[in-house]
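Topology and contacts: notes
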Amino acid sequence: MREHRIKKTKTVCTYCGVGCSFHVWTKGRKVLKVEPHPESPANGISTCVKGKFGWDFVNSEERLTKPLIREGDHFREAEWEEALQLIADRLTEIKETDGPDATAFISSSKCTNEESYLMQKFARAVIGTNNIDNCSRYCQSPATQGLFRTVGYGGDSGSIRDIATADLVIVIGSNTAESHPVLATRVKRAQKLNGQKLIVADLRRHEMAERADIFLHPRAGSDLVWLSAVTKYIIDKGWHDTRFLEERVNGFEEYVASLEPFTLEYAEEVTGIPRATLIRVAEAIRDADTTCVLWAMGVTQQQGGSNTSTAISNLLLVTGNYGRPGTGAYPLRGHNNVQGASDFGSMPNNFPGYESVTDDAVRARYEQAWGVELPKEPGMNNHNMVNAIHDGKLKALYIIGEDMGIVDSNINYVQAAFEKLDFFVVQDIFLTKTAEYADVVLPGSPSLEKEGTFTNTERRIQRLYRALEPLGDSKPDWMILRDLANVMGANWHYEHPSEIMDEAAKLAPLFAGVTYERLEGYNSLQWPVTEDGKDSPLLYTERFNFPDGKARLYPLEWIEPDGTDDEYDLHVNNGRLLEHFHEGNMTYKVEGIRAKTPQAFVEVSPELAKERGLKDGTLVRLQSRYGAVKVRAFITDRVKGHELYLPMNDAGEAAVNRLTGSKTDVETNTPAYKDVAVKMDVL
Ligand code: SF4
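Definitions and limits used
Residues numbered from 1 in each chain as written. Predicted model: local features only at pLDDT ≥ 70, side-chain atom pairs only at ≥ 80, totals over all residues. UniProt positions renumbered as here; feature names shortened; annotations may be inferred. Helix = DSSP H or I, 4+ residues; strand = E, 2+ residues; numbered from the N terminus. Rg over C-alpha atoms; globule rule 2.2 N^0.38 Å. Buried ≥ 20, exposed ≤ 12 C-beta atoms within 10 Å, placed from the backbone. Contact = placed C-beta atoms within 7 Å. Pairing = 2+ DSSP bridges. Axes fitted to C-alpha atoms, helices over the stretch in contact; angles between N-to-C directions.

In the nomenclature of an unreviewed UniProt entry, the chain corresponds to Formate dehydrogenase subunit alpha from the organism Novibacillus thermophilus. Reading the Sequence similarities (unreviewed entry) entry of the UniProt record for the chain gives the comment "In the C-terminal section; belongs to the prokaryotic molybdopterin-containing oxidoreductase family."

1. Thoughts on the overall build of the chain
On a plain count of helices and strands, the chain comes out with 24 helices and 28 strands. Computed over its C-alpha atoms, the radius of gyration of the chain comes to 24 Å, within 12% of the 26 Å expected for a compact globule of 683 residues. Counting only C-alpha atoms and orienting by the principal axes, one finds that the chain spans roughly 70 × 65 × 55 Å. Buried positions account for 57% of the 683 residues belonging to the chain. Nonlocal contacts in the chain, meaning residues at least 24 apart in sequence, comprise 74% of its contacts between residues at least 6 apart.

2. What about the environment of D287?
As for its placement among the helices and strands, D287 is situated in helix α13 (residues 275–287). Looking at D287, the number of C-beta atoms within 10 Å reads 12, which means it is exposed. For the pair formed by D287 and D167, sequence separation is 120 residues and the distance between their alpha carbons is 8.9 Å.

3. A short note on the pairing of strand β12 (residues 291–295)
Among the five residues that make up β12, five are buried, leaving the element largely enclosed by the rest of the structure. Neither face of β12 is exposed, since T291, V293 and W295 on one face and C292 and L294 on the opposite face are all buried. Alignment of strand β8 (residues 168–172) against β12, held across five bridges, turns out to be parallel. Across the sheet, V169 pairs through a bridge with C292, a residue of β12. Examined bridge by bridge, β12 and strand β13 (residues 328–331) share four bridges and lie parallel to one another. By the bridge assignment for β13, V293 is matched with A329.

4. Considerations on the sheet that holds strand β4 (residues 68–71)
Pairing in this open sheet of seven strands is mixed, and the strands run β5-β4-β18-β17-β16-β6-β7 from one edge to the other. Two strands bound the open sheet, and with one partner strand each, they are β5 (74–77) and β7 (132–134). When the angles between neighbouring strand axes are averaged without regard to direction, this sheet yields 20 degrees. Bridge count for strand β16 (residues 396–400) against strand β17 (residues 423–428) is five bridges, and the pairing is parallel. Looking at β17, one finds that A396 is bridged to F423.

5. What to know about the pairing of strand β23 (residues 570–575)
Counting buried positions over the six residues of β23 gives six, a clear majority of the element. In the sheet, β23 pairs with strand β28 (residues 677–682) via two bridges, with the strands oriented antiparallel. Counted as the bridge partner of L570 is V678 from β28.

6. A few points about the sheet that holds strand β20 (residues 460–464)
Ordered by their spatial adjacency, three strands build an open sheet running β19-β20-β21, and the pairing between neighbours is antiparallel. In the strand order of this sheet, the two ends are held by β19 (452–455) and β21 (524–526), each with one partner. Averaged over all neighbouring strand pairs, the angle between strand axes comes to 30 degrees, with direction disregarded. Relative to β21, β20 runs antiparallel, the two sharing three bridges. Following the sheet pairing, Q462 is matched in β21 by S524. Here helix α3 (residues 113–127) sits on the sheet in contact with β19 and β20, set at roughly 95 degrees to β19.

The following block contains the structure:
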């Protein structure tokens, strides 16, 4: 009977990096309602459609409830003991035959911080490899790199509240109103109530663009050029923050010299943005006491994603827009815990808290705590793993919660790689496209069925509590990792995720003061957190995160995207829709949401529709150099000329990554998803 009592449980939304927290009311397994709480630090009493209504997937009949073991071309259900023993035997065998680096691991934003910590510990301490990465490789690694090399930490420099109080907000390559709806609401409110100014740069005239005081429509992949030209103009006019630069920043003279090519004339020619508009942008920054820049995948998923992210940080440094309330750099993390997956060490080069695996003293600290010798060289990232499978160097892959066979670029190549693996384990809540290729599929639990912590876009660590019991025989991912490690002789004793966090806090100085007690209920902590529990809502108030405390201006070159040509004459932009999450395997299982946006479409400009004789609903085939999709046209003036927009939320015939190629950001290997040229046939 207890099953049918109504209860309310605090949780954290699983759908985007804003990190809204709220009470979820349940009766038995039924989710009755979501009730935001005034003390929710990121959202107050707001949620968006996904956070409020997007939970029915937890009871989907398609949920995995038993481990599955491949037998020929089908799966059979198995007990946990058999499945874990099989994985342990095969991983041991591959390690003994081909060495520890023949196996690789991928964690994801669907894991809690504690689960990402355990996954990297499993890779390093049990298998002995640094081949561990996570889904941030597909989105925000370039933003992190751009910030690492200029200001020292890769995360947002302030808090959502700083964005709301800024005089000027600049949004670049982010459809914030649909991708981070509650955060966008704060900007909309600040515009209305405080006269906040808004500049938006995007290929698409989405809602935020409509609301902007200045809307820039640069040519695809050219943001670095207009950003650098505006920065140069500000310096040429003497509007830069001389005192801030002298006291807090290194490399000004060298940086100024590097800006020489970025004249307004050059920027107009390359980006198509009129010179007069660029001057208005520079003047708006001059006139604002505080400026924040928000950016997302329109910037990062380019061959020059890291460089453009760096250019944003350069502009903020030149104008003194770091370290004060209402200023700063805000790469908007897409998924709920994409920040935490990297923070807690699921990276090929870093232990938790961004300490390098090549640092002998750091490695010695972990070796002593874990009682094993650890690998010294950085491992492979996601992109290199796929190539290594094709080259026969990587034999086994273990993925938690990432539908890599749909969300990586050039999926025909990725799926072909899966077929070459000697052994493949996928841990997920559904039999995803990726899981279909696995040898063993383990049923994990979604956020409502587990305890742990997530870290949102503003570095805020928050607790989620278990609202539902795991469905069938499914288990939280941390339990599965613990049990597997123990089958392989590791002797891990974790009984609750708080014990994992205690261990991480002891080992990683960035989280020194993080405890479950300090995170009780709606309490939260923004890293770095000192041992006494003092957290950091605003970074760089006194020093940047380099040994001398000074930031570094970073000279840059523009990396021109491949773009279109005579044959592949249309550019495909891609991204999210308000109603759907990622590849859609959760939100398409929520009836109300599916009814509202049941299928993918491609946005086509009125000019192109006229040129090609398209009507709303015309079925078209888009063909790139890598693959093709079939999708219906939707005519809208949100896009212009030969630019198309294809939502990324379809895992079927319209999956955008059938079109994307293997080019990546040159620094981080994040796929250049936004650099896609296609030709179109009307079907
Ligand atoms: Fe969830 Fe993001 Fe919507 Fe908040 S804004 S409710 S975190 S999807």
